[in-house]
Amino acid sequence: MKTRVQNALEQLKMSGVRITPQRHAILAYLMDAMTHPTADEIYRALEPRFPSMSVATVYNNLKLFIEAGLVRELTYGDSSSRFDADVSDHYHAICEQCGKIVDFSIPYLESVEQTAAERTGFVVRGHRMEVYGVCQACAESASSK
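Note that the structure is a prediction, hence the values are computed from the model and not measured.

Definitions and limits used
- Residues numbered from 1 in each chain as written.
- Predicted model: local features only at pLDDT ≥ 70, side-chain atom pairs only at ≥ 80, totals over all residues.
- Heavy atoms only, no water.
- Core = buried A, V, L, I, M, F, W, Y, C linked by side-chain atoms within 4.5 Å.
- Buried < 20%, exposed > 50% of the residue type's maximum accessible area, 1.4 Å probe, protein only.
- Helix = DSSP H or I, 4+ residues; strand = E, 2+ residues; numbered from the N terminus.
- Contact = heavy atoms within 4.5 Å.
- Pairing = 2+ DSSP bridges.
- Axes fitted to C-alpha atoms, helices over the stretch in contact; angles between N-to-C directions.
- 1 Å grid on protein atoms, 1.4 Å probe; cavity = no way out; pocket = protein on both sides within 12 Å on 5 of 7 lines; lining within 4 Å.
- Points joined across faces, edges and corners; volume = space filled by probe spheres on them.
- Nonpolar A, V, L, I, M, F, W, Y, C, P; charged D, E, K, R; others polar.
- Expected span 1.5 Å × (residues − 1).
- Salt bridge = Lys/Arg side-chain N within 4 Å of Asp/Glu carboxyl O.

To continue, consider the nonpolar core. Among the nonpolar cores identified, the biggest contains 23 residues, and Ile26, Leu30, Leu62 and Phe65 are the most heavily contacted of them. Of all the secondary structure elements, the ones that give two or more residues to this core are α1 (4-14), α2 (21-32), α3 (39-46) and α4 (55-67). It is α2 that contributes the most residues to this core, six residues altogether. Setting aside residues no more than four positions away along its own chain, Phe65 makes contact with Leu12, Arg23, Ile26, Leu27, Leu30, Leu70 and Val71.

Put into structure tokens, the structure is as follows:
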């Protein structure tokens, strides 16, 4: 059985993209990460294995993965984008204290796009939803103080 990383690498190869060790490592890190890392976090995690790799290499590869439809860039108004290799339809719960992002899905929200299209005349290509609050770890930490 092929892994998500292997399938993604094959998709890139079929698009004519050369698979470098750094590119493979960045993609594998993203697909294994459940934390929605920033480019700097990816760089810091991989830098010991690839000391000559630059932050620009990480950014350039993330851009390539986004264009290939393998990764989504999540922006929340601050200066650091986060990256998500789960490109399925899902939503995010974001901790206002530690910044943790957790995925969740609610299938019936898919009808929102259809309703929006009907009421506005838009050709809807997608939607995004985030909920904000305090994660369980931060809430427990606050209550133990």
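Ordered in space as β4-β3-β5, the three strands form an open sheet in which the pairing is mixed. Looking at strand neighbours, the two that pair on one side only are β4 (101-104) and β5 (130-133), the edges of this open sheet. Here the strands of the sheet are splayed against their neighbours by 25° on average, with no regard to which way each runs. Summarising the sheet, strand β3 (residues 91-95) and β5 pair through four bridges and their orientation is parallel. Pairing of Ala93 across the sheet is with Val131, part of β5.

Attention now goes to the layout of surface pockets. Estimates place the volume of the largest pocket at around 190 Å³. Forming the walls of the largest pocket are Arg72, Glu73, Leu74, Asp89, His90, Tyr91, His92, Glu113, Gly126, His127, Arg128 and Met129. Each residue belonging to the lining of the largest pocket can be placed in one class, and the counts come to three nonpolar, four polar and five charged.

Inspection of the secondary structure assignment puts Ile19 in the loop between α1 and α2. Since its relative accessible area comes to 24%, Ile19 is described here as partly exposed. It is 37 Å that separates the C-alpha atoms of Ile19 and Tyr132, two residues lying 113 residues apart in sequence. Discounting chain neighbours no more than four positions away, the residues touching Ile19 are Leu9, Leu12, Lys13 and His24.

The subject of this paragraph is α2. Taking 1.5 Å of rise per residue, the twelve residues of α2 would be expected to cover 16 Å, and the 16 Å separating its terminal C-alpha atoms lies within 8% of that figure. When α2 is considered as a whole, its buried residues turn out to be Arg23, Ala25, Ile26, Leu27, Ala28, Leu30 and Met31. Next to the buried residues of α2 lie α1, α3, α4 and β2 (82-84).

Positioned with a positive phi, His36 is a non-glycine residue whose angle comes to about 55°. The topology assignment puts His36 in the loop between α2 and α3. On the accessibility criterion, His36 (3% relative accessible area) is buried.

Relative to the assigned elements, Gly126 resides in the loop between α5 (111-120) and β5. Gly126 sits 86 residues away from Asp40 along the chain, and the two C-alpha atoms are 28 Å apart.

Note: β3 against β4, four bridges, orientation antiparallel. Across the sheet, the residue bridging to Ile94 is Ile101, located in β4. Turn length for the β3-β4 hairpin, with the two strands adjacent in sequence and antiparallel, is five residues, and the turn residue Gly99 shows positive phi of about 85°.

Below, the discussion takes up the pattern of salt bridges. Where charged atoms from two side chains of opposite charge come close, those side chains can pair. According to the stated counting rule, one finds three salt bridges in the structure shown. Glu41 serves as the salt-bridge partner of Arg82, at 3.5 Å between the closest nitrogen and oxygen. In this pair, Arg82 is assigned in strand β2 and Glu41 in helix α3, connecting sequence segments 41 residues apart. Judged by relative accessible area, Arg82 falls into the buried class, the value being 18%.

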